[in-house]
Structure formats: structure tokens, C-alpha cells
Amino acid sequence: EAGVAQSPRYKIIEKRQSVAFWCNPISGHATLYWYQQILGQGPKLLIQFQNNGVVDDSQLPKDRFSAERLKGVDSTLKIQPAKLEDSAVYLCASSDRRTVGNTIYFGEGSWLTVV
Amino acid sequence: KQEVTQIPAALSVPEGENLVLNCSFTDSAIYNLQWFRQDPGKGLTSLLLIQSSQREQTSGRLNASLDKSSGRSTLYIAASQPGDSATYLCAVGSYTGKLIFGQGTTLQVKP
């Protein structure tokens, strides 16, 4: 079974530029998450989708971050304009609530450096 | 507001030692608790998931316990190996699937 796919793996941009990250969840997983992990900290949920609807985006900085999951499968997270403090790993994850325990599977992350 | 704390932040042990990583949380109304492993430059790998109704889970040399009333979980690693070196994260899960993470414990097992 293929895991959660993310791209690009690494990105370096200047502040005020824009960047987009793409995620393809495990096939059949209705729930998709984007987490932000700043170096030395645990991941923090940015946004959670159930199919193509938003369940939780309470910690998404909506003035600069946006995310979509138009067809209920893959998703894009965009940052525009980027700030230095956005330097982090952006982790995509997916889960299937029909499975016991609702185990969440993470991708390898997209590493963003803002200079 | 749920807060998750992990102690210690870093740990270095000789190979073969048994060790315990600690995780505490402030709100006992949890759906589940998960322990993850993160290798440098990699994503998170789920190690163990404990449902709120369970007390512990075991997988190989790993054993995780959960005490909701005291807001604590421990991850026990038996006979540690250099390959166990990584950052270990605990996360409290809600019914919606949202995870709230601790800051992690970075483990180094020396040969």
C-alpha cells in the first residue's frame, strides 16, 4: 500500500514570496491533515479535511495560508506571502475513521526555509 | 485547552538499557493517545496507539501505558539498541482525529 506522498520535499524561498505544497493521501482515506512542525517542537495542526470539507482550521493563519482539497483526494497548502517564521516542516497526514483506533499516517514532509 | 508535555527533552543511554519516556496531558477527556517515532529528516511513524478505554499496548520491545485519571502515559523501551535513536513524540487524539503533540524526547542509544 502506497503511503502519503508529498512534494516538493525541500524548498527555499525569500520572504514575501509564495510557495505551494502538494499532498496525496493513502487511497481511500477520507480525512486529510496538514501539520506545521517548527524545529525542536511537536507538530501543530493547521487544517483538517473530511473529504473536501474543512473540519478544523482554527490554527491556520488565514491572512497568508490557504488550503484546498477540491475533489476530496489530494490537497494543496499555499503560503503567500511567506514570513521568516514560516520556516518549518509541513507534514501531511491521512486517516480512515472506519479503521479501529483511527491510526494516522504521515508523509515525509515538505521542508520550507524562508530567507 | 489540552497541553501535552514530554520529559525529558533529551536522553542518552548505553546500549542494552531499559528506559522510560514520559508524557503528561492536562485534560483527561481524550479519545486516544499515540506514540510516534521521528528520524532526522523524516516524517512520523506510528508506534503504538492506546484507546481511551485501554491501559496499555505492546509491540515487540515497546510497551505504552495510559493512566487517564492522572493524565500520564509512558513509553517503555526494553533492551535499547542504537537503531532506537530518534525523537519520540506522544500525541493526544480527539474524536475528530485531531492530534495535540508534545515537544518530543530525543533519544540517543550509544553502542
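It should be emphasised that the depicted structure is a prediction, and the values quoted were computed from it without experimental measurement.

Visitor: In this structure, what is going on with the pattern of salt bridges? I would like to understand it.
Guide: Opposite charge on two side chains permits pairing when their charged atoms draw close. Tallied over the entire structure, the rule returns 7 salt bridges over all chains. One salt bridge in this structure joins Glu 108 of chain A and Arg 9 of chain A, with 3.1 Å as the shortest N-O distance. Highlighted residues: Glu 108 of chain A in the loop between β10 (104–106) and β11 (110–114) and Arg 9 of chain A in the loop between β1 (5–7) and β2 (10–13), separated in sequence by 99 residues. In this structure Arg 9 of chain A comes out as partly exposed when scored by relative accessible area, which is 25%. Arg 61 of chain B is the partner of Asp 84 of chain B in a salt bridge, and the nearest nitrogen-oxygen pair spans 2.8 Å. Taken together, the positions of Asp 84 of chain B in the loop between β8 (72–77) and β9 (86–93) and Arg 61 of chain B in the loop between β6 (56–59) and β7 (62–67) put the pair 23 residues apart, joining distant regions of the chain. Under the relative-accessibility criterion, Asp 84 of chain B is labelled buried at 7%. Through salt bridges with shared partners, a single ionic network connects Arg 9 and Glu 108 of chain A together with Lys 42 of chain B.

Visitor: Is there a simple way to explain the confidence of the model for chain A in this structure?
Guide: Should pLDDT be low for a region, the predicted coordinates there are not to be read in detail. Residues of chain A with pLDDT of at least 70 account for 97%, and the chain-wide mean is 93. Highest mean pLDDT in chain A belongs to strand β8 (residues 75–79) of chain A (98); lowest belongs to β10 of chain A (91).

Visitor: Would you explain the side chain of Thr 105 of chain B in this entry?
Guide: Residue and element names in this part refer to chain B. Structurally, Thr 105 is set in strand β11 (residues 105–110). Overall, the relative accessible area of 0% leaves Thr 105 in the buried class. Apart from residues lying up to four places away in sequence, Thr 105 is in contact with Gln 6, Ile 7, Pro 8, Ala 9, Leu 11, Leu 21, Ala 86, Thr 87 and Tyr 88.

Visitor: Can you help me understand the interface of chain A and chain B in this one?
Guide: One widely used convention gives an interface's size as the accessible area the parts lose upon coming together. Counting residues at the interface gives 24 residues for chain A and 20 residues for chain B. For the chain A and chain B pair, buried surface summed over both sides reaches about 1700 Å², with 50% attributable to carbon and sulfur atoms. At the surface where chain A touches chain B, the tally comes to 2 salt bridges. Residue Asp 56 of chain A is joined to Lys 98 of chain B by a salt bridge in which the shortest nitrogen-to-oxygen separation is 3.6 Å. Taken together, the links from chain A to chain B amount to 4 residue pairs in polar contact (both at pLDDT 80 or more). Of all elements in the fold, only β4 (31–37), β5 (44–50) and β10 of chain A reach the threshold of two or more residues within the side of chain A that touches chain B.

Visitor: Explain the environment of Gly 93 of chain B here, please?
Guide: All names here are of chain B. For Gly 93, the location among the structural elements is in strand β9. Residue classification places Gly 93 among the buried residues on the basis of a relative accessible area of 3%. Along the primary structure Gly 93 and Asn 63 are separated by 30 residues, whereas in three dimensions their C-alpha atoms are 18 Å apart. Excluding its chain neighbours within four sequence positions, the residues that come into contact with Gly 93 are Ile 30, Tyr 31, Asn 32, Lys 98 and Leu 99.

Criteria and thresholds
- Residues numbered from 1 in each chain as written.
- Chains lettered and ligands numbered in written order.
- Predicted model: local features only at pLDDT ≥ 70, side-chain atom pairs only at ≥ 80, totals over all residues.
- Heavy atoms only, no water.
- Salt bridge = Lys/Arg side-chain N within 4 Å of Asp/Glu carboxyl O.
- Helix = DSSP H or I, 4+ residues; strand = E, 2+ residues; numbered from the N terminus.
- Buried < 20%, exposed > 50% of the residue type's maximum accessible area, 1.4 Å probe, protein only.
- pLDDT = per-residue confidence, 0-100.
- Contact = heavy atoms within 4.5 Å.
- Buried area = accessible area lost by both parts, 1.4 Å probe.
- Polar contact = N/O pair within 3.5 Å; in protein donor to acceptor, adjacent residues only side chain to side chain.

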